[in-house]
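Notes for the structure review
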Amino acid sequence: MTRARTQFVGNPERRVSTLLFSGLLLLLLLATLFAPSAGAREVVIGVLAHRGTEEALARWQPTAGYLNSMIPEHTFVIRPLDLDGLRWATANQELDFILTNPGNYVELESDYGATRLLTLRNRFGDQPYTVFGAVIFTRSDRDDITSLRDLEGKSFMAVSRDAFGGFQIAWRELKLNGIDPFKDFSRLEFAGFPQDQIVMAVKEGRVDGATVRTNILERMSAEGKIRLGDFRILAPRITSGFPFGHSTRLYPEWPLARSAQTSDDLAQQVAVVLLTMPQDHPAAVAGRYAGWTVPLDYHLVHELLVELGLGPYQVQPTLEDLLAAYAEWIAAGLALLLLLSGTTAYVLHLNQRLKQSKYVLEMEVRERMRAERGLLHLSSALEQSADIVMITDVDGVIEYVNAAFEEVTGYDREEAVNSPARILKSGYHDQEFYERLWSTILEGRVFKEVMINRRKDGSLYYEEKTITPLKTEDGRVLSFVSTGRDITRRIEAEERARQREAQLAHVSRISLMGEMASSLAHELNQPLAAIVNYANGCLRRLEQPEIDRDALRQALESISTQGERSGQIIHRLRNFMRRGEPQRTSVTVRQVVAEACELAALEAKNKRITIKQELVDTWDQVSGDPIQLEQVILNLIHNAMEAIHGCENCPRVVLIRSFIQEGRISVEVIDTGPGLPEKDMEHVFEAFYTTKSDGMGMGLSISRSIIEALGGSMYIRPNLPQGARFGFSLPLEKPEAPASESVTKREEKSLP
Ligand code: ADP
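Given the structure is predicted, the values throughout are model-derived calculations rather than measurements. All residue numbers refer to positions counted from 1 along the written sequence of the respective chain. Local features in a predicted model are, by the rule used here, given only for residues with pLDDT of at least 70; side-chain atom pairs are given and counted only at 80 or more, and totals for whole chains, interfaces and linings are based on all residues. Excluding hydrogens and water, the side-chain figures rest on all heavy atoms present in the structure.

**Some words on the overall build of the protein**
Note the cut-off: Per the convention used, a helix needs a DSSP run of H or I reaching at least four residues, while a strand needs a run of E reaching at least two, with both numbered from the N terminus. Our radius of gyration is a C-alpha quantity, and the globule rule it is checked against amounts to 2.2 Å times the number of residues to the power 0.38. Relative accessible area decides the class of each residue, using a 1.4 Å probe on protein chains only: under 20% of the type maximum gives buried, over 50% gives exposed, and in between gives partly exposed. Contact between two residues is taken to exist if any of their heavy atoms lie within 4.5 Å; hydrogens are not considered. Per-residue and other accessible areas were derived by the Shrake-Rupley procedure at a 1.4 Å probe size, with only the shown protein chains allowed to occlude residues.
Along the protein, the regular secondary structure elements total 24 helices and 28 strands. Here the C-alpha atoms of the protein give a radius of gyration of 71 Å, more than 25% beyond the 27 Å that 2.2 N^0.38 yields for 752 residues. Projected onto its principal axes, the C-alpha coordinates of the protein cover approximately 215 × 100 × 65 Å. Split into buried and exposed, the 752 residues of the protein put 40% on the buried side. Considering only residue pairs separated by 6 or more positions, the protein has 69% of its internal contacts joining residues 24 or more positions apart. Carbon together with sulfur atoms contributes 55% to the accessible area of the protein, which is approximately 41,800 Å² in total.

**Observations regarding the site of the ligand**
How we decide: Note on terminology: near, applied to a residue and a molecule or strand, indicates that one of the residue's heavy atoms is within 4 Å of it. Between N or O atoms, a polar contact is any pair within 3.5 Å; within protein, one atom must be a potential hydrogen donor and the other a potential acceptor, and residues adjacent in sequence are included only when both atoms are from side chains. Asp, Glu, Lys and Arg are counted as charged, while Ala, Val, Leu, Ile, Met, Phe, Trp, Tyr, Cys and Pro are counted as nonpolar; the rest, among them Gly, fall into the polar class.
Looking at the ligand, there are 20 residues lining it, with D671, T690, T691, K692 and L700 nearest. Separating a nitrogen atom of the ligand from a side-chain N or O atom of D671 is a distance of 2.8 Å. For the ligand, an oxygen atom lies 2.3 Å from a polar atom in the side chain of T691. The set of elements that each furnish at least two residues to the shell around the ligand consists of α22 (626-645), α24 (699-709) and β28 (724-731). The leading source of residues in the shell around the ligand is α22, at four residues. Of the residues contributing to the shell around the ligand, the split by class is ten nonpolar, eight polar and two charged.

**What to know about the sheet that holds strand β18 (residues 398-401)**
Rules: For two strands to pair, DSSP has to find at least two bridges joining them. What counts as an axis is a line fitted to C-alpha atoms, over the stretch in contact for a helix, and the angles between N-to-C directions run from 0 to 180 degrees.
In space, the five strands of this open sheet follow the order β18-β17-β21-β20-β19, with antiparallel pairing throughout. Only two strands of the sheet have a single neighbouring strand rather than two, namely β18 and β19 (447-454). In this sheet, neighbouring strand axes are inclined to one another by 30 degrees on average, regardless of whether the strands run parallel or antiparallel. Across nine bridges, the pairing between strand β20 (residues 460-471) and strand β21 (residues 477-486) is antiparallel.

**Considering the pairing of strand β27 (residues 713-718)**
Two strands pair when backbone bridges link them, and β27 and β28 are joined in this way by six bridges, in the antiparallel orientation. Looking at β28, one finds that Y715 is bridged to G727. Counting the residues that bridge the hairpin from β27 to β28 gives five residues, and of these G723 lies at a positive phi of roughly 100 degrees.

**Some words on the pattern of salt bridges**
Heads up, the condition is: Salt bridges are counted wherever a side-chain nitrogen of Lys or Arg sits within 4 Å of a carboxyl oxygen of Asp or Glu.
Evaluation of the coordinates by the stated rule reveals 43 salt bridges. Across the pair D208 and R142 runs a salt bridge whose closest N-O atoms are separated by 2.7 Å. Of the two residues, D208 is situated in the loop between α8 (196-203) and β10 (209-213) and R142 in the loop between β7 (134-139) and β8 (155-158); the sequence distance between them amounts to 66 residues. Residue R142 is classed as partly exposed on the basis of its relative accessible area of 22%. Across the salt bridge formed by R219 and E223, the nearest N and O atoms sit 3.0 Å from each other.

Written out as structure tokens, the structure is:
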């Protein structure tokens, strides 16, 4: 180093030239390393690797090496491929040369324009052969198989469906002999390579017949694996110059083909190099061949493919062919399909059922939840209800009461539940009522009525009650649900109103009497004055010495008569003015009118008015209070007489008539007074409406309330040619006396 540096330093010119030289050398080296060598393009030889990649490489790599050495401008590469791979690579123009079996070559020639260059000279022993065939054989002891036809129904073995020498060559001959390998063998087995195993299978009796390429048997025999005598070659042929046993026509050996894109120049180079290859060249020995020869005629191969419908001559199978060819598969497929669809259908069915039952379950759960919610709602609704709710069993024992029940009755829940419902009994309903109630609800019908019940503290309450029987699906009554409303306040209010009306009616009667008082006084005065006169007369007769006893008796009788008459008037007046609860009984209209006329007669006489009666003499009974009805009629007569009395020239007649129409009786009081203008007609029944200076305006209003309370109605019509016609109509009572029903006394157990 030191020396060198010293040299460089010591001689700069030399140093520069040395550097230049070194640089040029480096450049040259790099150029040699990286620049593509001229013509050393990679040439790919696709080889059918029917026994695997390694075997193919081992067999053909030396040949590639030979080509490389002979044509150094190219690099020959072996690419082992299977039949599909060869086809694919040829189609994709990845191969320059193709070395394959004759059948495959014909296909590639037909489809991709591959052209044969040479035919392989195969080596068997020391002899090269450019043709080959197949041997179809069985075991020599199989006396039942002496011809190809005898193979029908037997088992058969070959290499593979695509193997040219290993199956297709034999297939053609079998077909010619009427045997379809795919149909007529009991079993067709493809064993693949090596073909030795096929021979062994026949030898060991695992299969009845088989086919292998020619020369296999002879080679195996030479190797000591078999004895040729153990086998019988079927349909043996003799071809001059071909020493191996064979059952088929012979076909040219494997061709080396060039692909469509390979240049003529390269093709020629390769052809020349291989044709001139010595048959003992190590590459040929490694490849188990004895060099190459000019290409043979592959026409025979074409014929085979045509006959078998293979490769380029593959006919599109008809449906029938397919059915025939794949009958077993189709059947199996169909069976599988059937099984699958059956299974699918079953699974779907199960699924459906599952879904259905899931749905049903969901519905049930939902229904139950709804029912539970409903019950919850119901119980809370019952609990919170303003109605009195009580549930009893069929024996009337209380099972449930709600808060409203507790509040109204004063019984708390603990006391009420399990007690008989009769704890509420007031005693205000008769036995007939309870009979009706029980028969209704036990028949499963709803009972609805106002009931008077008794609270725990003894007071009464009114309940507007509905008892609903709860029934099972088959109609059995399980329990009763009683819902009710406490209407005590309403009833009491109504009662108070009724009492007020009664009081009012009473006041009205007194007022009416007041209006009639002058007439009444006059009427009472007459008998009293008569009595006084008769009494004075009697006294005078008693003072005389001779008492006329007859005259005295007459006078006293007159006094009695007049007294009785006064008593009657006073009794009637007292009766009319009597205060008290209206009593609803059966009333004969005729009788009530007569009573009213008696009272009115005093005033009528006073006012010189005639009261006429035109009354029905048939059944005319109505339901009501006789005093109140008399009040109504008297009020109408009084109004009529007053109307007439205030009118100078009016006829002084009042007509009282009754008539019956459609089950109702009408009573009309018709006067011949001035009548009243139409506009006033609407108002006469209103309370406090009066046109009189001393009137209260209550008479017609109270009369209407009385009539309406009895289910009747009041009306006013003009009377033609003059006067007014006031009337009312009431429902007639049924003429027949109600049949007294025999009521079976029910054991007084409860009040639902
Ligand atoms: P009052 O007799 O106290 O006025 P009512 O209620 O009995 O009360 O009568 C109301 C009004 O109806 C009377 O003031 C009168 O104007 C009218 N009225 C009643 N009856 C007759 C009748 N027969 N003719 C004409 N008007 C009548």
